[in-house]
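# Secondary and tertiary structure notes
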Amino acid sequence: MKSSRTLGLVMIAPAAIMIVLFFLMPVVLTAVFSMTNMTTATGISGGVYQIAPNSLIALKSAIPDIAAEMAEPRYTIDDAGLKAIGGLGLAPGIAAELRAKHTGEVFTARRDVERMIKDLAERPSTREVKQISEQFNRSVLNTRFDSKEQLFSSLDSLGFKLTPEQKETVARVTYTGWTWTTDNFSRMATSPDMARVLFNTVLYVALVLMLFNVGYALLLAILTHYMPPTPASIFRGIWLLPRITPVVIYVMLWKWLAWDSGFISILMGKFGYPPKNYLLDNAYNAWLFVVLINGFIGASMGMLVFSSAMKAIPKSQFYASEVDGASRWQQIRYIILPQMRWPILFVTCYQTLSLLASFNEILLATNGGPGNATEVWALSAYHTALRNYAGNLEYGLGAAMALVLVVIGVAMSLLYLRVFSYGTLVAKPLIED
């Protein structure tokens, strides 16, 4: 018994590893990234502290006085400047006097440091004063610091006296890396654009699922069920073409149909209508094509599942119903549909999850247009995290949007299991052994 259990664990180990690596880990990493503000600007690794022009603008609204001082250079009498003076070929007493009397002094304006240099015992010329003062020119602008300690040490050396609150503000604004945050979820909850995208997603999933992936697929399965075997197989094979055709070629065929130089424009031109791009002409046309493009793909899978399930229904039930004088509609209503609950549950769950996560066809057909009219949640997450017009890819926000899809998918699956009475479907038969 023990050896059998060990063998079973060994046999199932590769599948368990695959599940963890390719199913659980992506979800976990998505959840982790969703709690960050990772973007192209922050990068995905640790950042540095830098008082750049954009951070200086942010500081001006929080601590305007300090920000104004940071924008201006300061002059500090330090060892680096004194060493540089030695290479200017000036009188040796200048550097010695500066080291002895003024080391560590900070001047907020150039005229102040030059006035001090002019008062030295060696009395350097005006040109030499300019040269000497330039050696002590110090600024924190655009300087990269690896830690807060280095940043504040540099600010202290330039005479900036910051309170703990001001230091926290400076550190937060000047940090160029990512941080942990829940702002992504707040943005999604308050953004009107996100509400529109969510509505588009619900509309897209509901239309394609009910009209094609379940409704039309069930109709095709019933039609082929009553056809002779050979024509039925040919018919099902034709409906599989949208699914087995590469998605780029498949969408290109639809574009050829809808372009201003496509089949519809040529046909309508015969009746005096000017050519136009029916795919992107308006939101209603765009939605019509989006539903049709995705619906024809989804209907083929549902058709196969339902057809297989119908073949499992005992033929004796159909023969008996015909003897009793049942019509085709009565066979469908009282024999086929009651026994299709489990296949319908499977197709509904699977296709709902598939539609929530799919965006390839919409990306190639409309790219969410016209005017974001067909932008669904998965496509918006892709645009946000991996491709947008602004150039600053928001990895954290995109991950948060993907995580929302995971939560919605799990919730919808549980709802379907409740609606279709999954417990009843898998219950043990009442027939005793």
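The protein carries the name Inositol-phosphate transport system permease protein in an unreviewed UniProt entry, which gives Rhizobium laguerreae as its organism. According to its UniProt record, the protein has this under Sequence similarities (unreviewed entry): "Belongs to the binding-protein-dependent transport system permease family." Per UniProt, the protein carries the Subcellular location (unreviewed entry) text "Cell membrane".

### Focus on the UniProt feature "transmembrane region" (unreviewed entry) in the protein
Sequence positions flagged by UniProt for "transmembrane region" (unreviewed entry) are, in local numbering, residues 7-33, 202-226, 247-266, 286-306, 342-359 and 395-417. Taken end to end, residues 202-226 is 96% helix and 0% strand, and its two terminal C-alpha atoms sit 34 Å from one another. Helix makes up 100% of residues 286-306 and strand 0%, and the two end C-alpha atoms of the span are 30 Å apart.

### Observations regarding the packing of aromatic side chains
Applying the stated criterion across every chain, the model contains 12 aromatic pairs. Between phenylalanine 346 and tyrosine 350, the ring centres sit 6.0 Å apart and the planes meet at 20°, which makes this aromatic pair stacked. Residue phenylalanine 346 and its partner tyrosine 350 are located together in helix α19 (residues 341-357), separated by 4 residues, close to a single helical turn. For tyrosine 350, a relative accessible area of 42% translates into the label partly exposed. Among the aromatic side chains, those forming a connected cluster through ring pairs are Phe212, Tyr216, Trp239, Tyr250, Trp254, Phe289 and Phe296. Here the guanidinium or amino end of arginine 74 rests over the ring plane of phenylalanine 160, the centre of that ring lying 4.0 Å away. A cation sits over an aromatic face here: lysine 167 above phenylalanine 152, 5.5 Å from the ring centre.

### Some details on the sheet that holds strand β2 (residues 74-76)
Consider a sheet: its strands pair through backbone hydrogen bonds, and that pairing is either parallel or antiparallel. Read across the sheet, 3 strands follow the order β3-β2-β4 without closing on themselves; strand pairing throughout is antiparallel. Looking at which strands have only one partner, the edges of the open sheet turn out to be β3 (106-107) and β4 (137-138). In terms of strand pairing, β2 meets β3 through 2 bridges, oriented antiparallel. Note that in β3 the partner of tyrosine 75 across the bridge is phenylalanine 107.

### Here's the deal with the nonpolar core
Grouped together as the largest cluster of nonpolar side chains are 45 residues, with contacts concentrated most on Tyr204, Phe306, Met310 and Met340. Mapped by element, the contributors of at least two residues to this core are α11 (192-225), α16 (283-311), α18 (328-336), α19, α20 (360-365), α21 (377-385) and α22 (395-419). Setting aside anything within four residues of it in sequence, one finds methionine 340 in contact with Leu218, Phe306, Ala309 and Met310.

What counts and what doesn't
Residues numbered from 1 in each chain as written. Predicted model: local features only at pLDDT ≥ 70, side-chain atom pairs only at ≥ 80, totals over all residues. Heavy atoms only, no water. UniProt positions renumbered as here; feature names shortened; annotations may be inferred. Helix = DSSP H or I, 4+ residues; strand = E, 2+ residues; numbered from the N terminus. Phe/Tyr/Trp six-rings, centres within 6.5 Å; stacked < 30°, edge-to-face > 60°. Buried < 20%, exposed > 50% of the residue type's maximum accessible area, 1.4 Å probe, protein only. Lys NZ or Arg CZ within 6 Å of the ring centre and 35° of its normal. Pairing = 2+ DSSP bridges. Core = buried A, V, L, I, M, F, W, Y, C linked by side-chain atoms within 4.5 Å. Contact = heavy atoms within 4.5 Å.

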